[in-house]
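# A structural walkthrough
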Amino acid sequence: MTDSPLQVLTLPTAPYPDQRPGTSGLRKKVGRLVIGQNGIMSTPAVSCVIRKMKAISGIILTASHNPGGPDGDFGIKFNTAKGGPAPQAVTNKIFQMSRTIEEYAICPDLRVDLGTTGKQTFDLENKFKPFTVEIVDPVESYANSLRNIFDFAFLKELLSGDNHIQICLDAMHGVVGPYVKKILCEELGSPANSAINCEPLENFGGHHPDPNLTNAADLVETMRNGQYDFGAAFDGDGDRNMILGKHGFFVNPSDSVAVIAANIFCIPYFQHAGVRGFARSMPTSAALDMVAKVTKIQLYETPTGWKFFGSLMDAGRLSLCGEESFGTGSDHIREKDGLWAVLAWLSILATRRQSVEDIMTEHWRTYGRNYYTRFDYEEVDLDAAVEMMLDLELMISDKAFIKQVFTVGEKKYQVETADNFEYSDPVDGTISRNQGLRIIFKGGSRIIFRLGGTGSFGVTVHLYIDSYEKDINKIFQDPQVALAELVAIALQLSHIHERTGRSGPTVIT
Ligand code: G1P
Ligand code: ZN
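Below you will find a few notes about this structure. (Residues numbered from 1 in each chain as written. Chains lettered and ligands numbered in written order. Predicted model: local features only at pLDDT ≥ 70, side-chain atom pairs only at ≥ 80, totals over all residues. Heavy atoms only, no water.)

All right, on to the nonpolar core then. Core analysis: the largest hydrophobic core is formed by 74 residues, its most contacted members being F150, I183, L184, F230, F278, W340 and L346. Counting residues per element, this core draws most heavily on helix α11 (residues 338-352), at eleven residues. Not counting residues up to four positions away in its chain, the partners in contact with L346 are L155, L158, L159, I165, I167, L184 and F230. (Core = buried A, V, L, I, M, F, W, Y, C linked by side-chain atoms within 4.5 Å. Buried < 20%, exposed > 50% of the residue type's maximum accessible area, 1.4 Å probe, protein only. Helix = DSSP H or I, 4+ residues; strand = E, 2+ residues; numbered from the N terminus. Contact = heavy atoms within 4.5 Å.)

Written out as C-alpha cells, the structure reads:
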C-alpha cells in the first residue's frame, strides 16, 4: 500500500471510427485485476482462470497466431464471464462505444510488480477504490484442470516409463513454453530436450508463431529423422496445435478431431462427463461427421470461430469440437486448447500403444478418408477479394449452376448444391450470414471460398477443398494428388490468380 492515494487522471480522447471490435468496455468499476506472472498466460489458461474465479471478463493482449513485436501485429482479445471469445452482440457494442468514447481514466503513477506472485493493493482516488492486483502463477490453475481431465500417472508411464516414447514439442517462442516445461517435462517426466523454443520472446524470435507445415517447417524437419515418435507445435498464445507422427507424418487438423472423437473414452474426463455432442466449423472436413454417424452422437456444423462452439457448450450440447485451422478443444473451457489436444493424443497413444500413423491409417480404413487441403492467399487487396466473392456468389446462385458437370481428365463432378453458408444458433436463434461460399458436388466433395477475419493487412482468401474416399485401395494418396482436379475446378471458377495477381497460394495445408 502506498502512503497517499495515487492520482487518477481523466483524459479527453477522440472517438475511433474504425476499431471493430475495438477495446473492451473497461468503464465498470474495477476492484480486482488478476495478471499472469511476468505478464504471461496462454489463451486457454485465461479461459480456465476466468471460469474458476468467476471473473466478469478477461482481456488477452496477443496477436495470437500472427507475427508479433515491433514490426509485427498487436492484438486484443476480449473474453466474457463464460471464459470464451465475446459473441458478436458484445463486439458490436464495443465497436459502437469506440465510436463515441470521449474520456478514459488512467493512473500514470501506478506501478505493478509483475514478477512477484501475490496481492498488491493500491489506494486510488474516489470511485476506483479498493484496487487490488493479484499476480498469479500462469500455469498452476490450468495444470490443475488438466490433472482432472487426464490420467497423469498413465501419461507419465508413456513418457518416462520403461517403454517410453520420445516426443518433441515446439512452443515457437510463444507463451506455451513454461506450460510445456512444467507439465510435460517436470510433471510427466519427458526429458528436457523434448521441449524446444520454450522461451517466450516478444517477437517470437522473428518467426511466425502459427503451427502449420510452412511456419513450423523446422519441427517437421526435426521429426523426419525418426528420433521422435510424436511431435507438436503451438501458436503464440497457445490455443492452436499441430500434431505430427514419426518421420514427420502429418495429421490434418480435421482428422485430428475425428480421431479424438473415435477414441474419446481414452480420456478419463469423458468417461465421467459423457459425450453430449460433436461440432466442427463449416470449412472443416466432414471426417468428424463420419464418427458422429457411427457413434450416433449429434454433430453441429457452425461458422468459423470458436465463439459459436461456446454457445452450444454453455447449453450442455457440446463436448468436443475442432476447426481445420489447427484448433481442437472441449467443454472444459471455452477456447481451443493446444496442450489439451496434445494430452488427448498422448492418452490415445498410451491406451492403444500404436504409432500416430497406424492410428490414423486404421481410422481411414474404418471410416473412409476425407482428403483435405486449404490454400491461403494472404494480404490480398480487399477490393479485389470482395469483388471476386461477389462474382462467385452471383455465379453459384444462378439456377443453371446447379447440376452443372465439370470434367477434369477422367473425373466428373456434378454440382449438387451451392450457397453462401448461414447459421442459425440452435440455442438462441441468432442468425449469422455470409459465412463462406460452398459448392457441394454429388458424393459430398466440396469447394469453399471464404475471406478471413484475423489478418491485419489486406485480407486472406481461404480456399478449402474436401473430398471423401471410402475405397480402402484409394485412401493412401497424397492429398494434393487426390484433390488436383477439384483444385483445378476451383481455380478456374474463381480466376483467383488473375484477380489477385498471385501465381499461387502463400500457404498450403
Ligand atoms: C482464422 C481461422 C479460424 C480461427 C481463427 C482464430 O480465422 O480460419 O478457424 O477460429 O483464425 O484462431 P480467419 O482469419 O480465417 O477468419
Ligand atoms: Zn491463437
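After that view of the structure, there is still more to cover.
With the rule as written, the count across this model stands at twelve aromatic pairs. Ring plane angle 90° and centroid distance 6.3 Å describe the contact between F406 and F441, whose orientation is recorded as edge-to-face. With F406 in strand β18 (residues 405-408) and F441 in strand β22 (residues 437-441), this pair connects stretches of sequence that are 35 residues apart. Across this residue pair, the class does not change: F406 and F441 are buried. In this arrangement the basic side chain of R369 is found over the ring face of W364, its NZ or CZ atom lying 3.8 Å from the centre. (Phe/Tyr/Trp six-rings, centres within 6.5 Å; stacked < 30°, edge-to-face > 60°. Lys NZ or Arg CZ within 6 Å of the ring centre and 35° of its normal.)

Let's shift gears to the site of ligand 1. Around ligand 1 sit H65, R240, T304, G305, E323, S325, K336, R450, G452, G453, T454 and H462, and those are all the residues in its vicinity. Contact distances for ligand 1 include 2.7 Å between an oxygen atom and a side-chain N or O atom of R450. Relative to its unbound accessible surface of 380 Å², ligand 1 loses 88% to contact with the protein. For the shell around ligand 1, the class distribution of residues is no nonpolar, eight polar and four charged. (Near = heavy atom within 4 Å. Polar contact = N/O pair within 3.5 Å; in protein donor to acceptor, adjacent residues only side chain to side chain. Areas by Shrake-Rupley, 256 points an atom, 1.4 Å probe, with all protein chains shown as cover. Nonpolar A, V, L, I, M, F, W, Y, C, P; charged D, E, K, R; others polar.)

This paragraph deals with a nonpolar patch on the surface. A cluster of nonpolar side chains, L9, L11, Y104 and I106, forms an exposed patch at the surface whose accessible area comes to about 290 Å². At the level of elements, β1 (9-12) and β5 (103-106) are the ones that each hand at least two residues to the nonpolar patch. Within the secondary structure, L9 is located in strand β1. (Patch = residues over 30% accessible without salt bridge, like charges linked within 9 Å, V, L, I, M, F, W, Y side chains within 5 Å. Salt bridge = Lys/Arg side-chain N within 4 Å of Asp/Glu carboxyl O.)

Bringing the packing of helix α7 (residues 253-262) against helix α12 (residues 356-367) into the picture now. At a minimum axis distance of 11 Å, the contact between α7 and α12 shows a crossing angle of 80°. Our classification of the angle between α7 and α12 gives roughly perpendicular. Of α12, the residues touching α7 (which contributes D255, A258, V259 and A262) are I359, M360, H363, W364 and Y367. The residue inventory of the contact of α7 with α12, partitioned by class, reads seven nonpolar, one polar and one charged. (Axes fitted to C-alpha atoms, helices over the stretch in contact; angles between N-to-C directions. Parallel < 35°, antiparallel > 145°, perpendicular 65-115°, else oblique.)

This part takes up the sheet that holds strand β16 (residues 327-330). Taken in spatial order, the four strands of this open sheet run β14-β13-β15-β16, and their pairing is mixed. Two strands in the sheet have a free side with no partner beyond their single neighbour: β14 (299-302) and β16. Strand after strand, the sheet turns through a mean of 15° between neighbouring axes, direction not considered. (Pairing = 2+ DSSP bridges.)

Glancing now at the environment of F278. Positionally, F278 belongs in strand β13 (residues 278-281). According to the relative accessible area criterion, F278 is buried, its value standing at 0%. Sequence separation of F278 and L312 is 34 residues, and the distance between their C-alpha atoms is 9.8 Å. Apart from residues no more than four positions distant in its own chain, F278 is found in contact with A261, I264, L288, V291, A292, T295, I297, Q298, L299, Y300, L318 and L320.

Right, let's talk about the sheet that holds strand β19 (residues 411-420) for a bit. What holds strands together in a sheet is hydrogen bonding between their backbones, with the strands either parallel or antiparallel. One open sheet holds the seven strands; their spatial order is β18-β19-β22-β23-β24-β17-β25, and the pairing between them is antiparallel. Because the sheet does not close on itself, it has two edges, and the strands there are β18 and β25 (507-508). Of the pairings in the sheet, the one linking β18 to β19 comprises four bridges and is antiparallel in character. Across the sheet, F406 pairs through a bridge with Y413, a residue of β19. Packing of helix α13 (residues 382-397) onto the sheet brings it into contact with β17 (369-380), β19, β22, β23 (446-451) and β24 (459-469), and relative to β23 it is tilted by some 140°.

Moving on to empty space enclosed by the protein. In this structure the tally under the stated criterion is three cavities of 30 Å³ or more. One number sums up the size of the largest cavity: a volume of about 40 Å³. Every residue lining the largest cavity is listed: S42, P44, Y142, V176, Y179, F234, G238, D337, G338 and L339. The residue makeup of the lining of the largest cavity, split by class, is six nonpolar, three polar and one charged. (1 Å grid on protein atoms, 1.4 Å probe; cavity = no way out; pocket = protein on both sides within 12 Å on 5 of 7 lines; lining within 4 Å. Points joined across faces, edges and corners; volume = space filled by probe spheres on them.)

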